[in-house]
Amino acid sequence: MRVMQGGIALNQVEFKIKNEKIYFKEQLSDDVLNEPIASISGKNYEYALSSYVSPYVAKKFSQLVTGKQEQLHFHTTFETKEGETLVFRISGQRFESEDGAEISGEISDMKQSDEQLTLALKELSDMKYALDQSVILAITNRQGKITHANDHFCDVSGYSRDELIGNTHQLINSGYHSRAFFKNMWRTIGQGNVWKGEIRNRAKDGSLYWVDTTIVPMINEKGEPTQYIAIRFDITDKKENEEKIRHMAYFDYVTGLANRRKFDEYLKRRTEIAGKNKEKFGIMFIDLDGFNYLNDTLGYLIGDQLLIEAARRFKKIVGDRGMIARIGEDEFVIVIDSITDAEEMQVFAASMMADFKDPFFVGGYELNLTGSIGIATYPEAGRDAATITKHAALAMYRVKGSSKNDYRFFDSDMKFSNHRSFQIKNDLRKGLDQDQFYIVYQPKVSPKDDSVTSVEALIRWKHQEFGELSPFEFIPLAEEIGMINEIGDWVIQAVCKQLQSWALEGYHPIPVSVNVSARQFLQANFVETFFSHLDTYQIDPSWIQMEITESLFIDNVKYVQQILEKIKAKGIKIALDDFGTGYSSLAYLRKLDLDILKIDRSLISGINDTSNQKEIAITIIRLGKSLGMEVVAEGVETEEELDILRNHGIDEIQGYYYSKPLGVSDMHPILKTKRLD
Ligand code: C2E
Ligand code: CA
Ligand code: CA
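Okay, so let's go over this structure. Every value quoted in this text rests on a predicted model; they were computed, and no experiment measured them.

1. Examining the coordination of the calcium ion (ligand 3)
Logical step 1: Taken together, Asp 577 (OD), Asp 578 (OD), Glu 634 (OE) and Glu 634 (OE) make up the full set of protein donors to the calcium ion (ligand 3), lying 2.1 to 2.4 Å away.
Logical step 2: Between consecutive donor residues of the calcium ion (ligand 3), the sequence gaps follow D-D-x55-E.
Logical step 3: A separation of 4.0 Å is found between the calcium ion (ligand 3) and the calcium ion (ligand 2), which share Asp 577 as a coordinating residue. Of the two residues, Asp 577 sits in strand S24 (residues 573–579) while Glu 634 sits in the loop between strand S26 (630–633) and helix H24 (639–647), which places them 57 residues apart along the sequence. Here Asp 577 matches Glu 634 in class, with each residue buried.

2. Section: the site of ligand 1
Logical step 1: Taken together, 22 residues are adjacent to ligand 1, and Gln 442, Arg 460, Arg 601, Glu 637 and Tyr 656 come closest.
Logical step 2: Between Asp 578 and ligand 1, the recorded distance is 3.3 Å, taken from a side-chain N or O atom to an oxygen atom.
Logical step 3: One nitrogen or oxygen atom from the main chain of Tyr 656 is found 2.7 Å from an oxygen atom belonging to ligand 1.
Logical step 4: Within the complex, the protein chains bury 88% of what would otherwise be the 800 Å² of accessible surface of ligand 1.
Logical step 5: Elements represented by at least two residues in the shell around ligand 1 include exactly strand S20 (451–463), helix H16 (471–480) and S24.
Logical step 6: In terms of residues, the shell around ligand 1 owes the most to one element, S20, which gives four residues.

3. Let's talk about the sheet that holds strand S7 (residues 136–141)
Through backbone hydrogen bonds, the strands of a sheet pair up, either in parallel or in antiparallel fashion.
Logical step 1: Across the sheet, which stays open at both edges, the five strands sit in the order S8-S7-S11-S10-S9 with antiparallel pairing between neighbours. What marks the edges here is a single partner per strand, and that holds for strand S8 (146–149) and strand S9 (195–202). Along the sheet, successive strands turn relative to each other by an average axial angle of 30°, direction set aside.
Logical step 2: As judged from the nine bridges shared by strand S10 (residues 208–219) and strand S11 (residues 225–234), these two strands associate in the antiparallel manner. The residue of S11 that forms the bridge with Thr 213 is Arg 232.
Logical step 3: The sheet strands contacting helix H7 (residues 179–190) are S9, S10 and S11, and the helix crosses S9 at an angle near 140°.
Logical step 4: Against the sheet, helix H8 (residues 236–250) engages S9, S10 and S11, with an angle of about 130° to S10.

4. Section: the coordination of the calcium ion (ligand 2)
Ideal geometry at a metal gives 109.5 degrees between four tetrahedral donors and either 90 or 180 degrees between six octahedral ones.
Logical step 1: With distances of 2.1 to 2.3 Å, the protein atoms coordinating the calcium ion (ligand 2) are Glu 456 (OE), Asn 515 (OD1), Glu 547 (OE) and Asp 577 (OD).
Logical step 2: Written as a sequence motif, the donor arrangement for the calcium ion (ligand 2) is E-x58-N-x31-E-x29-D.
Logical step 3: Relative accessible area serves as the criterion here: at 28%, Asn 515 is assigned to the partly exposed category.

5. Points about the packing of aromatic side chains
Logical step 1: With the rule as written, the count across this model stands at 18 aromatic pairs.
Logical step 2: The interplanar angle of 55° and the centroid separation of 6.2 Å between the aromatic rings of Phe 15 and Phe 61 together place this pair among those described as tilted. Here the residue Phe 15 occupies a position in strand S1 (residues 12–18), and Phe 61 occupies one in helix H3 (residues 55–66), the gap between them amounting to 46 residues.
Logical step 3: On the accessibility criterion, Phe 15 (4% relative accessible area) is buried.
Logical step 4: Clustering of aromatic rings is evident, with ring pairs tying together Phe 314, Phe 332, Phe 356 and Phe 360.
Logical step 5: The cationic tip of Arg 232 hangs over the ring face of Phe 153; the distance from NZ or CZ to the ring centre is 5.9 Å.

6. As for unusual backbone geometry
Leave glycine aside and you will find that most residues have negative phi; peptide bonds, for their part, are mostly trans.
Logical step 1: Here the residue pair Tyr 378 and Pro 379 is connected by a cis peptide bond, since its omega of 5° sits within 30 degrees of zero.
Logical step 2: Mapped onto the fold, Pro 379 is located in the loop between strand S17 (370–378) and helix H13 (385–401).
Logical step 3: Positive phi, close to 70°, is recorded for Asn 525, a residue that is not glycine.
Logical step 4: Here Asn 525 lies in the loop between helix H18 (518–522) and helix H19 (526–536).
Logical step 5: In this structure, Asp 593 is a non-glycine residue whose phi angle is positive, near 55°.
Logical step 6: By secondary structure assignment, the location of Asp 593 is in the loop between helix H21 (586–592) and strand S25 (596–599).

7. Quick notes on the side chain of Ser 372
Logical step 1: For Ser 372, the position within the fold is in strand S17.
Logical step 2: Residue Ser 372 is classed as buried on the basis of its relative accessible area, which comes to 0%.
Logical step 3: In terms of polar contacts, Ser 372 uses its side chain to reach the side chain of Asp 289, at 2.7 Å.

8. Thoughts on the pairing of strand S19 (residues 437–446)
Logical step 1: Burial of S19 is extensive: nine of the ten residues sit out of reach of the surface.
Logical step 2: Note that S19 and S20 share ten bridges and pair antiparallel. Along S20, the bridge assignment pairs Phe 437 with Trp 461.
Logical step 3: Sheet topology note: the S19/strand S27 (residues 652–654) ladder contains two bridges and is antiparallel. Looking at the pairing, Val 445 lines up with Ile 653 of S27.

Reading guide: rules and limits
Residue indices follow the written sequence of each chain, beginning from 1 at its first position. Chain letters and ligand numbers both follow the written order, the letters beginning at A and the numbers at 1. Given that this is a predicted model, residues contribute local features only at a pLDDT of at least 70 and side-chain atom pairs are listed and counted only at 80 or more, while totals for whole chains, interfaces and linings are drawn from all residues. Note: side-chain values were computed over all heavy atoms of the structure, leaving out hydrogens and water. Here the coordinating atoms are restricted to nitrogen, oxygen and sulfur within 2.8 Å of the metal centre, or 3.2 Å for Na, K and Ca, and because water is not among them the sites may look incomplete. Think of it this way: any DSSP run of H or I at least four residues long counts as a helix, any run of E at least two long counts as a strand, and we number them from the N terminus. Throughout, exposure labels follow a simple rule: accessible area from a 1.4 Å probe, protein chains only, divided by the maximum for the residue type, with under 20% read as buried, over 50% as exposed, and the rest as partly exposed. Throughout this document, a residue counts as near a molecule or strand when at least one of its heavy atoms sits within 4 Å of that molecule or strand. For this analysis, a polar contact is any N or O atom pair within 3.5 Å, provided that within protein one partner can donate a hydrogen and the other can accept it, and provided that sequence-adjacent residues contribute only side-chain to side-chain pairs. Every accessible area reported is derived by Shrake-Rupley at a probe size of 1.4 Å, with residue values counting cover from the shown protein chains alone. When DSSP finds two or more bridges between two strands, those strands count as paired. Whenever a helix is involved, its axis is fitted only over the stretch in contact; in every case the axis is a line through C-alpha atoms, and angles between N-to-C directions fall within 0 to 180 degrees. In this description, contact between two residues means that some pair of their heavy atoms is separated by no more than 4.5 Å. Here is the rule: rings of Phe, Tyr and Trp (six-membered ring for Trp) pair when centre to centre is within 6.5 Å. Planes less than 30 degrees apart are stacked, more than 60 are edge-to-face, and the remainder are tilted. Our definition puts a charge over a ring when NZ of Lys or CZ of Arg is within 6 Å of the ring centre and also within 35 degrees of the ring normal.

Written out as structure tokens, the structure reads:
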């Protein structure tokens, strides 16, 4: 479109740069340029531009020509022969063609026809309307003074537009971030780059809110920012959920004591300090006697009260001498920070037992509760955290196995006489060689329509002397003696074989998930071996899934991430098992981009409408979904648990409510109908 306006013949001119030469499509009036266009067209573009645009713009053009940039849009001013200043919008786009790159673009005069202007304004106001619905928008000048604030900004901050405009964002600074944080932000945007980050702000009423922020600098033709556009989203809810989960990652939700993770970290640090300062310290491993019986008969509400009361008594005795953690259902550990000799531990243990002689009054009952206590001291019982804990536990099991309600120190004889484990470890090899292992399959069900969506492969061992052994017992022992790789590999092969034979029998296989222990996963060639089994048995990767636990990420995140990527690239889904038991870390969850989140049984069993656990389970469901994961609840045993989970959008249910793990023969009807009935 070309309109003659006030003697200026230019409205929009297309140009092309090819082989470094610039060509104009239309004829520009000599009135505009200082020299006839005919003399520019076909010239070297740098030469042609040098007299009309600033060096900064010329540089941007060179970047287009050399391919460092794909696109270019900017405004520039230009003075006509008559001395009138025109504002031009210039845009260019690079295209690769067979005979080399070509830049094509247009120069347009900002004086547009009314019609175009109205259209553009309407478009803008539509966009603004859409943005105002969810985005907090602010524009500041170069000095950071707010020049524009949208309604959403006013709503969220609680300040009126008048209060915001003319002020800097200092007004809503919460003091949460360091000066370095803002310094870095200003450095980034001052150099003309976009800055992204999460900021905690303070509203007028003092409340704090979190915003996901992007600041885009608007640049003039010299490359200097003239103003900044800040686009923010309110992410307060997400942050609060994260905080809840973070707390959950370190504290036991029933007693408020530290949990296993916090205990592990604490003890590790404690051993380092003690090693350096040549100090002694002691730990007590306490298991409440008969707790399970009380919990089962009186209900977990009473059980929880008992745990809280026990925790209170422990705290009273330990005071500020150390730390107390709850690391299992009815298992506590206490670290006494520094002691002069082992007898000191005896004093603590004795006062605990004396204190537990007083009955517990909970829920109208008067209950007697005792504990079995194992004691281990540093450095006598071990020089690293894991060994000391294991030895304290061993001493506790000795008490449990005899009188209960007593305490005992670890001594090195205990290590060798731990008979059953010793024998199991010894028999693992024979078990593999003699085919004593087999696999059962536990269905996972979609609560929407009760269809079976996948099954989990669980290993079993028919031991010649002890009968059927639980993997809870023998898997840790196999890990301890380095047999887990072979056993894990056997499981993967057995599952592949089974899948192949189901396929050959004409079934469309249901996906099977396989548990992979950390140690197995970390072994060199794990993926290669795994993939080779898939090949051998012609397994479609969508038939198999992998369950891993967070313990995998403690030391090896980078490596684990690489391996996971290979597995994912193959099309195998990965589930994070036992979530919520100890190491729950959001950072990993985000980074690793896993497919499925399995909420641990301990957080599911006994949830009902009034339990505190329910909130945690719901938070995890929400969290998993917000990260785009499928969320599975394991260990669902009752209709009440199922209803709560279903109402909160759980994707899959696993547990005795629907089905126990099944042998191969029981799988046939399920394979046929994908249903349990
Ligand atoms: P897991 O992966 O958390 O498996 C779930 C366990 O909970 C299974 O115990 C299952 O039988 C049990 N379970 C399922 N639903 C319910 C329920 O409603 N109520 C109750 N009380 N329990 C339920 P299982 O088969 O004894 O396995 C124990 C653990 O042993 C597994 O925990 C897993 O960590 C490990 N494991 C099992 N098979 C393998 C394997 O092939 N390789 C490796 N590395 N570990 C395995
Ligand atoms: Ca599992
Ligand atoms: Ca699990």
